[in-house]
Amino acid sequence: GLKLGETCRAEPQLTGIVLGGHGLFTWGPSAKACYENTLATIRKAAEFLEKRASRAPFGGAMRQALPAAERRAFVAGFAPLLRGKLSGGVRKLAHFDDSADVLAFVDSKRCAELAELGTSCPDHFLRTKIRPLVLAESVLAKGEGWEAALDAALDAYRARYRAYHERCKRPESPMLRDPDPVVVLVPRVGMLTFARDKATARVAAEFYVNAIHVMRGATDVSEYVGLDEREAFAIEYWPLEEAKLARMPPPKALAGRAALVTGGAGGIGRACAEKLLAEGACVVLLDRDAEVLAATEQELAARHGSDRVRRARADVTDEASVEAAFDAAVLEFGGVDILVSGAGIASSAPFEEITLEHWNKNIAILATGYFLVSRAAFRRMKQQARGGSIVFIGSKNALAASEKAAAYNTAKAAELHLARCIALDGAAHGIRCNVVNPDAVLKGSRIWSGEWKAERAAAYGLEQEQLAEHYKKRSLLKLEVTPEDVAEAVLFFAGERSSRSTGNILNVDAGNVTAFPR
């Protein structure tokens, strides 16, 4: 800065200076003039580069990108595995970019050569590390030994990063940080970036796209030069940068985790999403009601950040719909760590009046639906090899049947036993499954705003407006149960506070003697 000031005073005809490896510095008699000078200089440089832009950037294409659907299908199957391998020290979330600029680079003849040179300025590499990991095209085939080859590539990257630290460090240098790659380039597919939170992963991708633009502009007119290794190290491990990192607040309990909540637009589902977001998780809301789902996503994103909330419209009784929703979650965040299965239905009828349609609908949503979403989550959690938590929103009726609700009671009992089965099969993989059993959660419930409320009131010989007080009085604690109460129990099972719990039931019913687990 002092040298720039000296040069400015000594050579008044200059309006700016480009510092190699750092960027453009301009000045003017006022803030506005300085800003306009910056824009004019950048525009002039852009016009110069545009006139000389190559029709075959980066030496031309070496291969053809996969069709969009195939690219996304590959990432949906590959990202959980890669994310698990990159989350050994700290859990990470992913961002996927298959934009035209990224594909042109990863499929070019000079991709490996240029990527090896590293990024060209501190603003880029502090976000992306000095260079990315470029995977071999053979990873797409997933043939024999492909995962071992992936492990070898990751180990080589880590070893090289450690050697870089060892080679450049000084006695006062900070300790080695995370040696895993931030940017992973996949031929014919695109770019995956990984970080402790979604926003940082997304920003890392944006910075590397900028680095790609620099490489293209440089190679179109001359040759590209990366940042000197020792200069890069001095910035990456600058004591002031280390001090800044040390002052950052500790991560929240669920930071780096991705959750999927079924019934996410309902009262309990929405409350669960709110709790998970408040503790640092990213959340995908899954529901059939597209309008309410969109409104819920918008409201939660306004409070917790647009990077952290997504929606997926799906029917939990439809296998293809469920798998597509989980694939969408993987494409957004790299995997799934928490499933809250809360999609629900409630219907009441005297036993002799239960129709087959009535019976099948309850079983389809509350048993088959819970099976389909938990199986989808289980597969992806197993692939990540980092454990996971599945939480079922059960019901008091799973333990203590209510009259005139045989279909609902039976489906909820099946759901409860399914959770035990998942707990058994998941234990070897660190995948836990627990159940929260609420009772009479009327507030904010779409179920209780429909026929179920009238049916239950009729079953007890009450008016609908008397039902809430009836449930409150019959509880031991004489308290109303709210969606937020249920969400607190879900939060407990979702995180590490319950890491020694699986196959368990937690009643949130203000005390119902008939539903005491036995």
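Our structure's up above, just so we're on the same page.
Residues numbered from 1 in each chain as written. Predicted model: local features only at pLDDT ≥ 70, side-chain atom pairs only at ≥ 80, totals over all residues. Heavy atoms only, no water.

## Considering the layout of surface pockets
Counted as a void, the largest pocket has a volume near 1500 Å³. In this structure, the largest pocket is lined by 42 residues; those nearest its centre are Arg196, Asp197, Thr200, Leu245 and Met248. When contributions to the lining of the largest pocket are tallied by element, the ones reaching two or more residues are α6 (122–128), β6 (190–195), α8 (198–221) and α10 (239–246). For the lining of the largest pocket, the class distribution of residues is 19 nonpolar, six polar and 17 charged. In this structure, the second largest pocket occupies an estimated 1200 Å³ of space. Taken together, 30 residues make up the lining of the second largest pocket; nearest its centre are Val18, Gly23, Leu24, Ser120 and Val214. Elements with a minimum of two residues in the lining of the second largest pocket: β1 (16–19), β2 (23–26), α2 (31–51), α6 and α8. In terms of residue count, the dominant contributor to the lining of the second largest pocket is α8 (seven residues). Considered class by class, the residues forming the lining of the second largest pocket number 17 nonpolar, nine polar and four charged. (1 Å grid on protein atoms, 1.4 Å probe; cavity = no way out; pocket = protein on both sides within 12 Å on 5 of 7 lines; lining within 4 Å. Points joined across faces, edges and corners; volume = space filled by probe spheres on them. Helix = DSSP H or I, 4+ residues; strand = E, 2+ residues; numbered from the N terminus. Nonpolar A, V, L, I, M, F, W, Y, C, P; charged D, E, K, R; others polar.)

## Some points on a nonpolar patch on the surface
Taken together, Leu476, Leu477, Leu479, Val513 and Phe516 make up a surface patch of nonpolar side chains, about 480 Å² in accessible area. Relative to the elements of secondary structure, Leu479 occurs in the loop between α17 (467–474) and α18 (483–494). (Patch = residues over 30% accessible without salt bridge, like charges linked within 9 Å, V, L, I, M, F, W, Y side chains within 5 Å. Areas by Shrake-Rupley, 256 points an atom, 1.4 Å probe, with all protein chains shown as cover. Salt bridge = Lys/Arg side-chain N within 4 Å of Asp/Glu carboxyl O.)

## Here we look at the sheet that holds strand β12 (residues 431–438)
The strand order across the open sheet formed by seven strands is β9-β8-β7-β10-β11-β12-β13, and the pairing between neighbours is parallel. Of all the strands in the sheet, just β9 (309–313) and β13 (505–508) have a single pairing partner and so form its edges. Geometrically, the sheet is characterised by an average inter-axis angle of 20 degrees between neighbouring strands, direction not taken into account. Sheet analysis places strand β7 (residues 258–262) next to strand β10 (residues 338–341), joined by four bridges and oriented parallel. Note on β10: the bridge partner recorded for Ala259 is Ile338. (Pairing = 2+ DSSP bridges. Axes fitted to C-alpha atoms, helices over the stretch in contact; angles between N-to-C directions.)

## Some thoughts on the environment of Gly20
Assignment of secondary structure puts Gly20 in the loop between β1 and β2. On the basis of relative accessibility, which here comes to 66%, the residue Gly20 falls in the exposed class. Distance from Gly20 to Ser120, taken between C-alpha atoms, is 8.5 Å for residues 100 residues apart in sequence. (Buried < 20%, exposed > 50% of the residue type's maximum accessible area, 1.4 Å probe, protein only.)

## A closer look at the packing of helix α3 (residues 68–85) against helix α14 (residues 356–384)
The description of two packed helices rests on the angle between their axes and on the distance between the axes. Closest axis-to-axis distance for the α3/α14 pair is 7 Å, and the angle between their directions is 45 degrees. Taken as axis vectors, α3 and α14 run oblique relative to one another. Residues Gly77, Pro80, Leu81, Arg83 and Gly84 of α3 form the contact with α14, whose own contacting residues are Arg380, Gln383 and Gln384. For the contact of α3 with α14, a count of residues per class yields two nonpolar, four polar and two charged. (Parallel < 35°, antiparallel > 145°, perpendicular 65-115°, else oblique. Contact = heavy atoms within 4.5 Å.)

## A short note on the sheet that holds β6
With mixed pairing, four strands are arranged side by side in an open sheet as β3-β6-β5-β4. Strands at the two margins of the open sheet, each flanked by one partner only, are β3 (93–97) and β4 (133–134). For strand β5 (residues 183–186) and β6, the ladder comprises four bridges, and the chain directions are antiparallel. In the strand pairing of β6, Val186 is matched with Gly190. Across the sheet, α3 touches β3, β5 and β6, and the angle it forms with β6 is around 30 degrees.

## Some words on the packing of aromatic side chains
Both the distance between ring centres and the angle between the ring planes are used here to describe each pair of aromatic rings. In this structure the tally under the stated criterion is nine aromatic pairs. On the numbers, 5.0 Å between centres and 25 degrees between planes, the contact of Phe74 with Phe78 is stacked. On the criterion of helical spacing, the pair formed by Phe74 and Phe78 is a turn pair, its members being four residues apart in helix α3. Of the two residues examined, Phe74 and Phe78, each falls in the buried class. (Phe/Tyr/Trp six-rings, centres within 6.5 Å; stacked < 30°, edge-to-face > 60°.)

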